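Examining the three-dimensional arrangement
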Amino acid sequence: MHSLNVYTRLIRYNKWMLTLIIFFFYMMSAYGQVLKLEKPVAYHPKPFTHPGLLHSANDLQRMKDMVALGREPWKSAFEKFRSHPWSSASREPHAVQHVERSLLIGAGKNIGNLEKDVCAAYQNAVMWSVTGDEAHAKTAIKIINAWAETFKVFDGTDVELGAGLNVFKMVSAAEIMRATYPKWKQEDIEKCKMMFRDVFYPPIQYFALWAHGNWDLACMKGMMAIAVFNDDHEMFDRAVDFYYKGPGNGSLLHYIVNEEGQGQESGRDQPHSMLGIGHLAEMCEIGWNQGMDMYSFAQNRLLKGFEYTARYNLGEDVPFQPYTDISGRFPADKISTNGRGKLRSIFEQVYNHYAFRIKGIPADQYRYTKQAADKLRPEGAGFNADNAGFGTLFFSLPQP
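Everything in this summary refers to the structure shown in the same document. (Residues numbered from 1 in each chain as written. Predicted model: local features only at pLDDT ≥ 70, side-chain atom pairs only at ≥ 80, totals over all residues. Heavy atoms only, no water.)

**Overview of the nonpolar core**
Counting residues in hydrophobic clusters, the biggest one holds 112 residues, and the most contacted among them are Phe154, Met177, Trp184, Phe196, Phe200 and Phe394. Tallying contributions element by element places helix H4 (residues 111-131) first for this core, with 12 residues. When residues of this core are sorted by domain, at least three fall in each of domain 1 (38-46 + 232-399) and domain 2 (88-205). Those residues in contact with Phe394, other than ones at most four positions away along the chain, are His55, Arg62, Met63, Phe81, Tyr122, Val126, Ala388 and Gly389. One finds Leu165, Ala208, Trp210 and Ala211 within the second-largest nonpolar core, a separate group that totals 7 residues. (Core = buried A, V, L, I, M, F, W, Y, C linked by side-chain atoms within 4.5 Å. Buried < 20%, exposed > 50% of the residue type's maximum accessible area, 1.4 Å probe, protein only. Helix = DSSP H or I, 4+ residues; strand = E, 2+ residues; numbered from the N terminus. Domains from an automatic or database assignment. Contact = heavy atoms within 4.5 Å.)

This is how it looks when you write it as structure tokens:
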């Protein structure tokens, strides 16, 4: 019996080591590829607008005004947002020195602490903006400051994904608070900037060329967010350049792979497909708030991706072309039914952009995106730290 236990342990150990070795070689291969990226052009030479991530000053004011007036759909959307646990001003930070996100059995450390705290910081920042209740401002700042003071090491096999997703929400909170809450001390803001630059940025700086496209995209949107908050134009240009012409699965034309709108992860499962196009849309919204139109690139390829994914998840058939991704690791010969119909809270943003913010796009070109938004309205929380969620409150625009 003892020898059997030893044998079992050896098998488990060898599987763990094999996973590490495989991961190491993928990492080294991708690292070598990314280092060959050309220096990007200057996409944004002008000073950054603050706040300027998912919410401009006008966006925050619109939410506040519409909620105060009791207008729909903002009223119902705000009730859903306010009742969410992460919107509570009673949230206490759970900052730690070391976070690990890993796929290895028995690995992973404190990642749940970070995910919950970044969501709470972001939602409390929005609550402060909408209600003017300083308790929410203090909670957001308390969480951000605790992590900036404590957090030193982020690692693990999935560190790129964990860092990109979580920094995006943490920076989103910080961007709102710096612009709207003068009581946040400058010395604490500087510590926050250092955390973004020294702890979160290193894991995402070379993207994730070995992985499905949502990994690249998490890195890209996290990088854009840090760049705006830290006023780092070179970092911003690096992320935007990857959106347009990066060599990984996360660049727009490698993620939405054809004119039909098929996604790189459409053959994998539907939750990841929605995750990825949600990331792309969030990048586009940052660009928009900085005076750039990334939405319209390649004849509105992003919208085609949303239409394809919404249509399939609303129950209709879509064409599927057998496809092997740019890394060669993830071939697919048919669309996946896994998670079909479980719509994520990503559609309101893109629907409102094309229906009410820009002119000249016929309604039939965003009809499935509209149907998905209609079905979810008011949108609820995103899944963990994946996407912003709550799009009805955040992105609904007054109709002409």
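So much for the structure itself; the text now carries on.
**Describing the state of the cysteines**
This model, assessed by the stated rule, comprises 0 disulfides. Free cysteine: Cys192, not disulfide-bonded; nearest cysteine sulfur from Cys119 at 16 Å. When its relative accessible area of 0% is taken as the criterion, Cys192 is described as buried. (Disulfide = S-S within 2.5 Å.)

**Overview of the packing of helix H13 (residues 347-357) against helix H14 (residues 367-376)**
Helices that pack against each other are described as a pair by the angle of their axes relative to one another and the distance between those axes. Between H13 and H14, whose axes approach to 8 Å, the crossing angle comes to 130°. Taken together, H13 and H14 sit at an angle that is classed as oblique. In the packing of H13 onto H14, the handedness of the crossing is left-handed. In this structure, H13 contributes Phe347, Glu348, Val350 and Tyr351 to the contact, and H14 contributes Thr369, Lys370, Ala372, Ala373 and Leu376. (Axes fitted to C-alpha atoms, helices over the stretch in contact; angles between N-to-C directions. Parallel < 35°, antiparallel > 145°, perpendicular 65-115°, else oblique. Left-handed = near helix turned anticlockwise from the far one by under 90°.)

**Some words on the packing of helix H6 (residues 159-180) against helix H7 (residues 186-204)**
It is the contact of H6 with H7, at a shortest axis distance of 9 Å, that shows an interaxial angle of 160°. Taken together, the axes of H6 and H7 are roughly antiparallel relative to one another. In the packing of H6 onto H7, the handedness of the crossing is left-handed. Residue-level inspection shows Val159, Glu160, Ala163, Gly164, Asn166, Val167, Met170, Val171, Ala174 and Arg178 of H6 in contact with H7, the latter providing Ile189, Cys192, Met195, Phe196, Phe200, Pro203 and Ile204. Taken together, the residues of the contact of H6 with H7 break down into 13 nonpolar, 2 polar and 2 charged. (Nonpolar A, V, L, I, M, F, W, Y, C, P; charged D, E, K, R; others polar.)

**What to know about the environment of Asn230**
Mapped onto the elements of the fold, Asn230 is located in helix H8 (residues 213-230). Given a relative accessible area of 14%, Asn230 falls into the buried group. C-alpha of Asn230 to C-alpha of Cys192: the two residues are 38 residues apart in sequence and 9.4 Å apart in space. With residues up to four places along the chain from it excluded, the contact list for Asn230 reads Lys193, Phe196 and Arg197.

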